[in-house]
Amino acid sequence: MFLSKWSKAAAVGACVAGALALGVNPASAQPNWAAWVPGVDYKCGTTVTHPASVNIAMQTCIFRNPSNDTFQPVTVVVNNAPTTVYLEAYPWNLSNSYSSHCIKTPVAAGKRVACYGATGPVAPEDRPIRMNSQVLLNENHGGWTTTVTW
C-alpha cells in the first residue's frame, strides 16, 4: 500500500512523538551495542577483566525504573587493548532466568560500550534481583562478570 505525502508526514510525526515518549524509559539497544549512559537509579557490580585479555574490563549494572518497578541488565565493557576487538554479550536476569543478546560488534581501542538488555518486572518471590553477563571476546573466548544484586 502506498501512502500519500500527508499520510507519510503524519506517520513520521507519530514515530517521532512515540520515540520522544519512550525517551523517559530505560535505554534499549539490543541487539546492538550502544554508548554507556548511566541511569538515574542504578547499581553496578565489581569491574573485572575478561579471562582472555586483561585489556578488556567489564561489569554488569542493574537499571531500575521506580515509576513501574521494572529492572534492566546492562553489560558495560571498556576496550583498553591497543587494537579493535569483537564483542558479543548476553546480559542475564538471574532472578527470572531471562537473557538478552547483543550481536558481535567491532569495538575500537579505548571505547566504552554497553549492551542494554530487556527491561521487565521481577516478581516479589524472585527477589532479590540478581543479574550478570557473559561477554564473548573475538568470538571464541567467553567470560562472566560478577553478579550484581539489587
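Right above here is the structure, for reference.
Computed from a predicted structure; not experimentally measured.

Rules of the game
- Each chain carries its own residue numbering, running from 1 in the direction its sequence is written.
- Totals for whole chains, interfaces and linings use all residues, but because this is a predicted model, local features are given only for residues with pLDDT of at least 70 and pairs of side-chain atoms are given and counted only at 80 or more.
- Side-chain numbers here rest on the full set of heavy atoms in the structure, without hydrogens or water.
- Each residue's exposure class comes from its accessible area (1.4 Å probe, protein chains only) as a fraction of the maximum for that residue type: buried when under 20%, exposed when over 50%, partly exposed otherwise.
- Labels follow the DSSP assignment, with helices taken as runs of H or I lasting at least four residues and strands as runs of E lasting at least two, numbered in each case from the N terminus.
- Note on pairing: DSSP must find at least two bridges between two strands before they are called paired.
- Working definition of a nonpolar core: buried Ala, Val, Leu, Ile, Met, Phe, Trp, Tyr and Cys residues. They are joined through side-chain atoms within 4.5 Å.
- By definition in these notes, contact holds between two residues if any of their heavy atoms fall within 4.5 Å.

A.B. asks: Teacher, can you tell me more about the pairing of strand S3 (residues 53-65) here?
C.D. replies: Each regular strand displays side chains that alternate between the two surfaces of the sheet. The buried count for S3 comes to 10 of 13 residues, which makes it a mostly enclosed element. Note that strand S1 (residues 42-44) and S3 share three bridges and pair antiparallel. Following the sheet pairing, Tyr-42 is matched in S3 by Phe-63. Direction of pairing for strand S2 (residues 48-50) relative to S3: antiparallel, over a ladder of three bridges. Its bridge partner being in S3, Val-48 is matched across the sheet by Met-58. Linking S2 to S3, which pair antiparallel, is a turn of two residues. One ladder, built from 10 bridges, connects S3 with strand S4 (residues 70-79); its direction is antiparallel.

A.B. asks: Please clarify how the nonpolar core should be interpreted in this entry.
C.D. replies: One broad trend across soluble globular proteins is that nonpolar side chains are buried collectively. In terms of nonpolar packing, the biggest core is built from 14 residues, with Trp-33, Val-77, Val-85, Leu-87 and Val-113 touching the most fellow members. Secondary structure elements with two or more residues in this core: S3, strand S5 (85-93), strand S7 (102-107), strand S8 (112-116) and strand S10 (130-137). With three residues, S5 is the single largest residue contributor to this core. Ignoring sequence-local partners within four residues, the contact set of Leu-87 consists of Trp-33, Val-77, Ile-103, Lys-104, Thr-105, Val-107, Val-113, Val-135, Leu-136 and Leu-137. In this structure, Cys-61, Val-76, Ala-114 and Tyr-116 belong to the second largest nonpolar core, which totals seven residues.

A.B. asks: Is there a simple way to think about unusual backbone geometry in this case?
C.D. replies: Peptide bonds are mostly trans, and most non-glycine residues show a negative phi. Each neighbour pair has its own omega, and for Arg-127 with Pro-128 the value is 10°, a cis peptide bond. For Pro-128, the position within the fold is in the loop between strand S9 (120-121) and S10. You will see that Asp-69, though not glycine, has its phi angle at about 55°, which is positive. Relative to the elements of secondary structure, Asp-69 occurs in the loop between S3 and S4. The phi dihedral of Ser-97 falls on the positive side, at around 60°, and the residue is not glycine. Mapped onto the elements, Ser-97 comes out in the loop between S5 and strand S6 (98-99).

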